[in-house]
Amino acid sequence: EKSQDCMYLQYCKVCQSYKAPRSHHCRKCNRCVLKMDHHCPWINNCCGYQNHASFTLFLLLAPLGCIHASFIFVMTMYTQLYNRISFGWSSVKIDMSAAKRDPRPIIPFGLSAFAASLFALGLALGTTIAVGMLFIIQMKIILTNKTSIESWIEEKAKDRIQYYQTGEIFIFPYDMGSKWKNFKQVFTWSGIPEGDGLDWPVRDGCHQYSLTIEQLKQKADKRVRSVRYRAVEDYSGVCCPVTKGVETFFTTPCTEEPRIALSKGDLILATRGLKHWMYGEKILDSAADGGIRERGWFPRKCVEKCQYDSETDQPVEGEKKNR
């Protein structure tokens, strides 16, 4: 509604609208999400402004439930095996056919039940460790009033400042300086998060668009650092291509980000890469400047670097220092 603020905001080409501060577009949900943290496949939804507290409680209660289940499995196996173990002078024998004491258990506990209980115990302990670690990570983020995406943005801000040696000092604007105040931004007694998801309290010396301005700088830097490649081999877009070499097959990126299919002659703007894989945007032949582009990973051996012309030359070292 405030046209004078458009210069500080990011524009979403898919939603055809400006993004509110702390909002990001989710490819899976196909919409912009307020204060987006990440897209969770286990709840088939995004974790953001409305459900951040509920998702964190889920990460706490799931391990507690698994700990309770583990205790039941352990006690069940202990009591059943105790009635079946006989200690001899030279060996220990276990009779899984029936208990030696009366009364007999209501549910027969044989070899298959023991194997199933042992397998379930392993799943419960594994879930406790994995989800418990996610809960600890989420709590660390919440106590600094950040999201997973904003933590990544802050790291990129430090890298950008160090790379160009601008002398800037990036201060995360939404950290209230108190863990309790940051905690109350997410958890409330009513279960309804504070604010409206658009305007946020910020630290002294910062304003509502401090983070979005940094994001715009990072996007401009991303365009400068991007390198144009041309596809020299076809690629179907499969996750683990068999025909692109053993190393490419076994080093496929472990991420939910998509792969893009390539045809010989396609142009790609690569923004980052691994040893055998690259990530970038494929420029469609029918798209004009600023048109729609397909993003994703593709094998490095399928492309070759294009020769730059005067319009796409990378900045020289002196220009980098002045940015």
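Under an unreviewed UniProt entry, the name given to the protein chain is Palmitoyltransferase, and the organism recorded is Cochlearius cochlearius. Taken directly from UniProt, the Catalytic activity (unreviewed entry) text for the protein chain runs: "L-cysteinyl-[protein] + hexadecanoyl-CoA = S-hexadecanoyl-L-cysteinyl-[protein] + CoA". The Sequence similarities (unreviewed entry) field of the UniProt record for the protein chain holds the comment "Belongs to the DHHC palmitoyltransferase family."

Undergrad: So what's going on with the packing of aromatic side chains? Residues and values would help.
TA: Note on aromatic pairs: each is described by the distance of the centres and the angle between the planes. Evaluation of the coordinates by the stated rule reveals 11 aromatic pairs. Here Tyr 8 and Tyr 209 contribute two aromatic rings whose centre-to-centre distance is 5.6 Å and whose plane-to-plane angle is 10 degrees, an arrangement assigned as stacked. In this pair, Tyr 8 is assigned in the segment before β1 (11–12) and Tyr 209 in the loop between α4 (179–184) and α5 (210–225), connecting sequence segments 201 residues apart. Here Tyr 8 falls in the partly exposed class, since its relative accessible area comes to 29%. Against the face of Trp 200 rests Arg 22, its NZ or CZ located 4.7 Å from the ring centre. Sitting over the ring of Tyr 163, Arg 225 keeps its end group 3.9 Å from the ring centre.

Undergrad: Lay out the packing of helix α1 (residues 52–82) against helix α2 (residues 111–142) with the relevant residues and their values.
TA: In contact at an axis separation of 8 Å, α1 and α2 are set at 155 degrees when each is read in the N-to-C sense. By the angle between their axes, α1 is roughly antiparallel relative to α2. Seen along the crossing, α1 lies across α2 with a hand that is left-handed.

Undergrad: Account for the UniProt feature "transmembrane region" (unreviewed entry) in the protein chain, with residues named and values stated.
TA: Summarizing the sequence annotation, UniProt attributes the feature "transmembrane region" (unreviewed entry) to residues 57–78 and 106–137 in the numbering used throughout. The straight-line gap between the two end C-alpha atoms of residues 57–78 is 32 Å; of that span, 100% is helix and 0% is strand.

Undergrad: Describe in detail the side chain of His 39, supporting the description with residues and values.
TA: Considering the arrangement of structural elements, one finds His 39 in strand β5 (residues 38–40). His 39 sits in the buried class, given a relative accessible area of 15%. Excluding its chain neighbours within four sequence positions, the residues that come into contact with His 39 are Cys 26, Lys 28, Cys 29, Asn 44, Asn 45, Cys 46 and Glu 256.

Undergrad: Before we move on, can you summarise unusual backbone geometry with the specific residues and values?
TA: The backbone of Arg 22 sits at a positive phi, close to 75 degrees, despite the residue not being glycine. Checked against the element boundaries, Arg 22 lands in the loop between β2 (17–18) and β3 (24–26). Relative accessible area serves as the criterion here: at 1%, Arg 22 is assigned to the buried category. Here the phi dihedral of Lys 35 falls at roughly 45 degrees; this positive angle occurs in a residue that is not glycine. In this structure, Lys 35 sits in the loop between β4 (31–33) and β5.

What counts and how
- Residues numbered from 1 in each chain as written.
- Predicted model: local features only at pLDDT ≥ 70, side-chain atom pairs only at ≥ 80, totals over all residues.
- Heavy atoms only, no water.
- UniProt positions renumbered as here; feature names shortened; annotations may be inferred.
- Phe/Tyr/Trp six-rings, centres within 6.5 Å; stacked < 30°, edge-to-face > 60°.
- Helix = DSSP H or I, 4+ residues; strand = E, 2+ residues; numbered from the N terminus.
- Buried < 20%, exposed > 50% of the residue type's maximum accessible area, 1.4 Å probe, protein only.
- Lys NZ or Arg CZ within 6 Å of the ring centre and 35° of its normal.
- Axes fitted to C-alpha atoms, helices over the stretch in contact; angles between N-to-C directions.
- Parallel < 35°, antiparallel > 145°, perpendicular 65-115°, else oblique.
- Left-handed = near helix turned anticlockwise from the far one by under 90°.
- Contact = heavy atoms within 4.5 Å.

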